[in-house]
Structure formats: C-alpha cells, structure tokens
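Single-letter residue listing:
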Amino acid sequence: MSKKHKYFLIFGIITTLFQLQLNSQVLKFKAFSLSTKVKELDDNLDLIWQDWDDWRDNSSLIIIDGKKDRIKIFANKTLVFDIVKYNEEVQDEFYFYCVDDEGNELKLELYKKRTKEGKVYFQFYIRKEDIQAVYNLKLLEDE
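Everything numeric here is computed off the predicted structure, so don't read it as measured data.

Thresholds, definitions, all that
- Residues numbered from 1 in each chain as written.
- Predicted model: local features only at pLDDT ≥ 70, side-chain atom pairs only at ≥ 80, totals over all residues.
- Heavy atoms only, no water.
- Helix = DSSP H or I, 4+ residues; strand = E, 2+ residues; numbered from the N terminus.
- Contact = heavy atoms within 4.5 Å.
- Buried < 20%, exposed > 50% of the residue type's maximum accessible area, 1.4 Å probe, protein only.
- Polar contact = N/O pair within 3.5 Å; in protein donor to acceptor, adjacent residues only side chain to side chain.
- Phe/Tyr/Trp six-rings, centres within 6.5 Å; stacked < 30°, edge-to-face > 60°.
- Salt bridge = Lys/Arg side-chain N within 4 Å of Asp/Glu carboxyl O.

Trainee: Just to check I follow, could you spell out the side chain of Glu-109 for this structure?
Mentor: With respect to the helices, strands and loops of the structure, Glu-109 is situated in strand β8 (residues 105-114). Apart from the residues within four sequence positions on either side, Glu-109 is in contact with Phe-94, Tyr-95, Gln-123, Phe-124, Tyr-125 and Arg-127.

Trainee: Is there a simple way to think about the side chain of Thr-36 in this case?
Mentor: By the secondary structure assignment, Thr-36 is in strand β1 (residues 26-41). Classification of Thr-36 as buried rests on a relative accessible area of 13%. There is a polar contact of 2.8 Å between the side chain of Thr-36 and the side chain of Asp-53. A distance of 3.4 Å separates polar atoms of two side chains, one belonging to Thr-36 and the other to Arg-56.

Trainee: Hey, could you run me through the packing of aromatic side chains in this one?
Mentor: For any pair of aromatic rings, the description rests on two quantities: the centre-to-centre distance and the angle between the ring planes. A complete count under the given rule lists six aromatic pairs for this structure. With 5.2 Å between their ring centres and 70° between their planes, Phe-29 and Phe-122 make a pair best called edge-to-face. Of this pair, Phe-29 sits in strand β1 while Phe-122 sits in strand β9 (residues 120-127); the two residues are 93 residues apart in sequence, bridging distant segments of the chain. For Phe-29, a relative accessible area of 1% gives the class buried. Consider the rings of Tyr-95 and Tyr-111, whose centres lie 6.1 Å apart with planes at 85°: the pair is edge-to-face. Here Tyr-111 lies in strand β8 and Tyr-95 lies in strand β7 (residues 93-100), a separation of 16 residues in the sequence. Judged by relative accessible area, which is 16%, Tyr-111 ranks as buried. An aromatic cluster of three or more residues is present, and its members are Trp-52, Tyr-95, Tyr-111 and Tyr-125.

Trainee: Would you mind going over the pattern of salt bridges with me for this structure?
Mentor: By the definition in use, this model includes four salt bridges. Notably, a salt bridge pairs Asp-53 with Arg-56, separated by 3.7 Å at the nearest N-O pair. For Asp-53, a relative accessible area of 39% translates into the label partly exposed. Across the salt bridge formed by Lys-128 and Asp-100, the nearest N and O atoms sit 3.5 Å from each other. Of the two residues, Lys-128 is situated in the loop between β9 and β10 (131-139) and Asp-100 in strand β7; the sequence distance between them amounts to 28 residues. Asp-100 gets classed as buried once you look at its relative accessible area, which sits at 7%.

Take it as geometry only, folks, not as evidence of what the structure does.
Below is the structure:
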C-alpha cells in the first residue's frame, strides 16, 4: 500500500470516528443572547437582508441529540429539526443539514468561539429563506 493510500485510509478512519462520536452524543446549550435579521423590500421593491438586530437577552435551551439525529430549540415555540447529514469535521465549525417540522431543508451552523479573556462560548445560526437568527450559547456542562 502506498503512502498516499495509507494517508487516505487513516483520514477516512478519523473522519468516521468523529462522526460516530458526534452521532452518539447529546449536547445541551443554554442561550444567553439572540440576534435576528430579516429580508425586507427596498425602494426598488427587491427583497434584501437588513442588518442584524441588537443583541437581546435570551434563555432558550438548545439540544443537539446525535442519538436521535435531532436538534430541538425550546423557546416561546419549540422548534424541531431532523438532521439528515453532518458535515465533515472543520475545526470549531459544525454544520447540520436538516429538515424542519414543515418539511423545509436548511443548514444549521454551530461555531466554537472564544472571548477576549479566553472563555469558550458557541454561536448557533438558523438561516431560513426570509429570516436568520443567531444565538450565543454556553454548553450546560460549563456552568
């Protein structure tokens, strides 16, 4: 077996192990702030994205359940997303290709971030056709 084949084999094994680990975990996050933006008509009657709103306090619970391939957001209304596919690992970035409870396909994004002081937090994006939301989150195990 050539070096190149060994490299691809090892890379494939590592990727598979990561996906199995993510698929078998249940991660619970608590939101501490939320921002949204929407599409609105401009003067030319074109739909364009507005700027992000100011951050506002939020205390939603977000659960990523790799065992059930499901993401739930417990807010004023409970949102449920069935995970169809996970991305391959990108450092500190995770993408979930999902279907919502209305049958719409969308990609949810989770980013691991650090404050200036070095504390870890996460940002979770929901991007729909006419509205986007981003939550700042803490992993519940960190509290």
